Number of protein chains: 4
Amino acid sequence: MASTLSKPIAIIAGAGPGTGASIARRFAKAYPVVLLARSQSSLDPLVQGINQDGGCAIGIPADVTNAGSLNSTLKQIEQQFGSDLTVSAAIFNVASKFTRAPFLDSSAEFLDSLEATARGASNFSKAVLPLMLRATSQAELRHPPTMIFTGATAAMKGGPGLGSFAMSKFAVRALSQSLAREFGPMGVHVAHAIIDGIIATEKTKEYKKDVPDAKIDPDWIAETYWFLHTQPRSSFTHEFDLRPYCESW
Amino acid sequence: MASTLSKPIAIIAGAGPGTGASIARRFAKAYPVVLLARSQSSLDPLVQGINQDGGCAIGIPADVTNAGSLNSTLKQIEQQFGSDLTVSAAIFNVASKFTRAPFLDSSAEFLDSLEATARGASNFSKAVLPLMLRATSQAELRHPPTMIFTGATAAMKGGPGLGSFAMSKFAVRALSQSLAREFGPMGVHVAHAIIDGIIATEKTKEYKKDVPDAKIDPDWIAETYWFLHTQPRSSFTHEFDLRPYCESW
Amino acid sequence: MASTLSKPIAIIAGAGPGTGASIARRFAKAYPVVLLARSQSSLDPLVQGINQDGGCAIGIPADVTNAGSLNSTLKQIEQQFGSDLTVSAAIFNVASKFTRAPFLDSSAEFLDSLEATARGASNFSKAVLPLMLRATSQAELRHPPTMIFTGATAAMKGGPGLGSFAMSKFAVRALSQSLAREFGPMGVHVAHAIIDGIIATEKTKEYKKDVPDAKIDPDWIAETYWFLHTQPRSSFTHEFDLRPYCESW
Amino acid sequence: MASTLSKPIAIIAGAGPGTGASIARRFAKAYPVVLLARSQSSLDPLVQGINQDGGCAIGIPADVTNAGSLNSTLKQIEQQFGSDLTVSAAIFNVASKFTRAPFLDSSAEFLDSLEATARGASNFSKAVLPLMLRATSQAELRHPPTMIFTGATAAMKGGPGLGSFAMSKFAVRALSQSLAREFGPMGVHVAHAIIDGIIATEKTKEYKKDVPDAKIDPDWIAETYWFLHTQPRSSFTHEFDLRPYCESW
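Residues numbered from 1 in each chain as written. Chains lettered and ligands numbered in written order. Predicted model: local features only at pLDDT ≥ 70, side-chain atom pairs only at ≥ 80, totals over all residues. Heavy atoms only, no water.

The name recorded for chain A in an unreviewed UniProt entry is NAD(P)-binding protein, from Aspergillus caelatus.

J.: It is not clear to me how the packing of helix H4 (residues 112–136) of chain B against helix H5 (residues 163–183) of chain B should be interpreted in this structure. Could you clarify?
T.: The relative placement of two packed helices comes down to the angle between their axes together with the axis-to-axis distance. Residue and element names in this part refer to chain B. With their axes 8 Å apart at the nearest point, H4 and H5 run at an angle of 20° to one another. Comparing their axes, H5 and H4 come out roughly parallel. For the element pair H4 and H5, the recorded crossing hand is right-handed. Residue-level contacts link Ser-113, Leu-114, Thr-117, Ala-118, Ala-121, Ser-122, Ser-125, Leu-129 and Leu-133 of H4 to Ser-164, Phe-165, Met-167, Ser-168, Ala-171, Val-172, Leu-175, Leu-179 and Phe-183 of H5. Grouping the amino acids of the contact of H4 with H5 by side-chain chemistry returns twelve nonpolar, six polar and no charged. (Axes fitted to C-alpha atoms, helices over the stretch in contact; angles between N-to-C directions. Helix = DSSP H or I, 4+ residues; strand = E, 2+ residues; numbered from the N terminus. Parallel < 35°, antiparallel > 145°, perpendicular 65-115°, else oblique. Left-handed = near helix turned anticlockwise from the far one by under 90°. Contact = heavy atoms within 4.5 Å. Nonpolar A, V, L, I, M, F, W, Y, C, P; charged D, E, K, R; others polar.)

J.: What is the right way to look at the nonpolar core in this model?
T.: Note on soluble globular proteins: their nonpolar side chains tend to be buried together. The biggest cluster of nonpolar side chains holds 94 residues, and the ones touching the most others in it are Phe-124 and Met-147 of chain A together with Phe-124 and Met-147 of chain D. With residues near it in sequence (within four places) discarded, Met-147 of chain D still touches Ala-90, Phe-124, Ser-125, Val-128, Leu-129, Met-132, Leu-179, His-189, Val-190 and Ala-191 of chain D. (Core = buried A, V, L, I, M, F, W, Y, C linked by side-chain atoms within 4.5 Å. Buried < 20%, exposed > 50% of the residue type's maximum accessible area, 1.4 Å probe, protein only.)

J.: Got a minute to help me understand the packing of helix H1 (residues 19–28) of chain A against helix H6 (residues 218–230) of chain A in this structure?
T.: All names here are of chain A. Packing of H1 against H6 brings their axes to within 8 Å, and their N-to-C directions diverge by 45°. By the angle between their directions, the pair H1 and H6 is classed as oblique. Note on packing geometry: the crossing formed by H1 with H6 is right-handed. The residues of H6 that touch H1, namely those facing Thr-19, Ser-22, Ile-23, Arg-25, Arg-26 and Phe-27, are Pro-218, Asp-219, Ile-221, Ala-222, Glu-223, Tyr-225, Trp-226 and His-229. Its residues placed into classes, the contact of H1 with H6 shows seven nonpolar, three polar and four charged.

J.: Would you mind showing me how to read the pairing of strand E5 (residues 146–152) of chain D here?
T.: Within a regular strand, the side chains alternate between the two sheet faces. Residues and elements named next belong to chain D. Of all seven residues making up E5, seven are buried, and the element is well covered by its neighbours. The alternating pattern of E5 places Thr-146, Ile-148, Thr-150 and Ala-152 on one face and Met-147, Phe-149 and Gly-151 on the opposite face, and all of these are buried. As judged from the four bridges shared by strand E4 (residues 87–92) and E5, these two strands associate in the parallel manner. Bridging from a neighbouring strand, Ala-90 pairs with Met-147 of E5. Relative to strand E6 (residues 189–195), E5 is paired through seven bridges, and the arrangement is parallel. (Pairing = 2+ DSSP bridges.)

Following this line, the structure appears as structure tokens:
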């Protein structure tokens with residue numbers, strides 16, 4: 001199978017419904033996409049949809065918070081695409097569990113979000129960056145390899161009851177900035193997205209339904225990620241926000 | 001002439017060679033463009049080039065720091081495009097004079113940069129925002145009207161000897177944030193660009209000439225501005241940076 | 001008169017009632033203080049109060065936005081304290097005129113706040129920094145000479161209708177950062193205070209009067225400025241906020 | 001023993017030599033202090049010194065990263081000071097392990113710093129905040145209970161090879177901001193200190209030894225923490241930096 005798939009691939013971690021699915025479909029227009037999520041069942045419809053539309057997608061249930069498990073996942077990917085595969089785009093879109101609760105009521109799980117997100121972002125980066133560096137030396141590379149972390153306003157500002165969520169989002173931003181400064185000079189484009197607002201998905205359809213366009217369009221998150229990917233290395237964007245016109249911030 | 005030009009226009013203040021010219025050419029692919037700069041002579045080759053390439057450009061020498069003079073300029077534009085013209089994109093790209101000098105040696109002109117840039121940004125915004133608001137109610141509008149301010153790293157951080165330049169860049173960022181929060185809910189997209197690095201122009205061609213892609217490509221500043229313009233109001237970017245991969249920051 | 005007053009002095013610009021008066025009284029415990037404000041009448045009670053309490057204060061009506069006028073003020077100060085006077089503390093506490101108004105309704109005075117504050121901060125810095133540098137070489141100097149700019153939340157974030165105020169506050173912050181980085185290595189301590197909340201003064205006494213301690217105590221602004229002044233050059237604070245416990249931000 | 005010690009106490013986590021010791025000595029002038037560190041041996045000289053100088057200190061070896069272990073520590077403290085003890089000041093000064101290493105070379109321990117610091121900060125906050133809230137209702141309380149987190153420049157900005165350290169420092173800042181906004185309205189003062197520079201300790205004495213005052217004086221970190229503690233609830237500082245005059249930033 002490797003022969004037909006020898007061009008660079010995109011990997012999306014957190015490819016569930018909503019933003020992850022939009023990103024997957026957008027990058028699938030240009031690359032074979034590998035989609036990672038907790039459960040196979042959440043991946044199946046997306047993978048089928050992309051393949052039916054003429055794209056090439058595979059879905060692998062994966063636990064990015066577990067470095068060992070993620071290594072097995074990488075091996076599966078190599079079996080599919082060859083051990084010399086390169087990664088052109090890697091998107092870390094794993095959701096931190098959002099909870100707003102009085103700090104003193106928070107349970108032992110308080111730090112789970114931090115650890116899952118920060119550990120996941122770190123494991124994912126470590127697994128894919130070598131395959132991205134390999135891409136930088138490819139003559140036929142169209143766009144610099146690009147790694148994007150989906151963040152939130154809570155990456156910029158803590159809030160009452162938001163401790164764990166904010167800690168995880170701040171930490172991912174710290175990682176993004178550190179990787180941008182380390183791998184940028186090697187030709188890898190690393191960026192952090194501040195997604196500030198409710199995303200329009202099936203789950204949120206009742207929210208602000210009387211205000212047109214009040215929710216972020218996940219397809220436009222995907223378009224913006226894609227646009228960043230097309231930037232040449234002379235002109236990298238490392239951070240940007242996305243908010244609906246009517247959001248106050 | 002108004003009849004042939006009745007579609008929305010783009011206005012670029014600070015349309016000199018370099019970034020301004022790239023922005024002008026990019027937006028001219030979609031709109032008639034009005035180019036403002038200090039001197040007619042700096043505008044002529046750009047205007048001719050755009051018109052020869054099938055675009056529609058007019059250049060008007062203008063002093064944006066003078067509200068009265070800018071009003072006359074607006075009248076000239078109305079004569080060309082009709083008094084019901086709308087503005088789809090307005091780019092404030094007027095350069096602050098960059099000087100790095102010991103603060104105590106700085107002359108009476110120290111604050112000129114501040115006043116020119118801040119006053120210019122404010123005058124320009126006041127002149128064009130009514131024409132942008134008018135655009136928001138147009139049925140055939142393809143993209144929300146977009147105003148972008150070209151900023152710099154000195155918009156984020158002062159530096160030794162940089163007082164006047166940093167003051168002007170901070171002030172423009174303050175204006176951009178304030179306008180984004182006031183006019184966003186009315187459907188106008190306002191954004192601030194942190195351009196951090198040397199821009200590749202004729203003047204800078206000797207700079208870092210042995211490091212490939214070490215200077216920002218002005219055409220990619222223009223592409224990024226254009227991309228922001230295409231974002232729907234559900235998904236506005238209000239601030240982003242652009243830096244070469246090898247820039248330290 | 002110089003002989004009796006040969007020790008370093010403190011200068012407070014914007015020494016009206018409220019914060020300015022508190023700062024003046026605090027620094028008068030250690031230094032002769034020169035108080036600048038628009039009108040003599042607003043200075044008189046403060047000057048008398050300090051002198052009656054055993055301090056040494058003089059009040060000079062001054063327009064800091066006018067460099068020439070400020071030079072005359074400096075000459076008056078030299079006549080009082082000798083031409084070899086040194087300045088141990090310089091506080092820029094000139095209020096920006098706070099107005100919240102729709103941007104398009106704002107009059108020609110829109111930029112007055114910007115120009116008054118930014119120009120004033122710049123003129124004031126230029127006038128007093130040479131006298132502060134002179135202080136750094138004095139053997140008997142107890143604390144490094146300290147310059148503090150009173151800022152606001154609007155120095156960090158623009159807001160709807162806040163354009164002019166935010167521009168002025170951003171610009172002063174830019175100046176403070178630039179001077180800190182230029183004059184810090186010469187031994188001058190430059191800092192920016194983010195004062196976020198209503199200040200408890202005669203004028204604001206009706207505001208939140210049912211919430212105890214909901215307004216910032218101007219004497220504690222003064223205490224905090226004084227504390228910064230006592231920091232040795234090994235351990236300078238360059239920025240800090242002050243907010244009531246119940247402020248949301 | 002409780003009877004003699006019934007006044008509010010201060011707890012310092014990370015009370016090793018250097019900053020922690022300075023903070024301990026400063027707060028011991030006003031309160032009995034409980035000092036936590038990994039090993040008893042690093043606590044002993046400090047505890048003895050404070051007790052010899054007329055203060056009251058106890059040292060308890062504690063692992064703040066382990067919630068269960070920290071609970072036992074709290075029980076020990078209650079045995080000493082009574083189960084109705086209140087905490088007037090709680091300082092989280094646990095060092096993140098600083099390492100600068102290529103990201104891809106980092107070992108499985110990469111995230112240890114994150115987890116130790118973030119988990120430690122969270123556990124510590126959860127253990128002491130109830131005892132601080134109890135203090136807010138005490139009539140005789142001199143100063144609002146104060147919790148301060150020692151941070152670093154890496155709390156504001158990532159860097160090449162700094163991923164883990166920056167992640168931990170960003171996360172602690174997120175926690176500090178979240179707690180400040182949640183517990184501030186209840187009268188607890190929560191602040192984050194950006195300590196930017198080398199701290200003058202026995203270990204760093206060779207560093208920049210020819211530049212006078214080029215290292216931060218740990219006693220002035222302590223003085224600044226103490227000053228914050230004295231601020232009334234009308235006038236809380238939530239973030240400040242400390243840097244030597246000659247530091248570039």
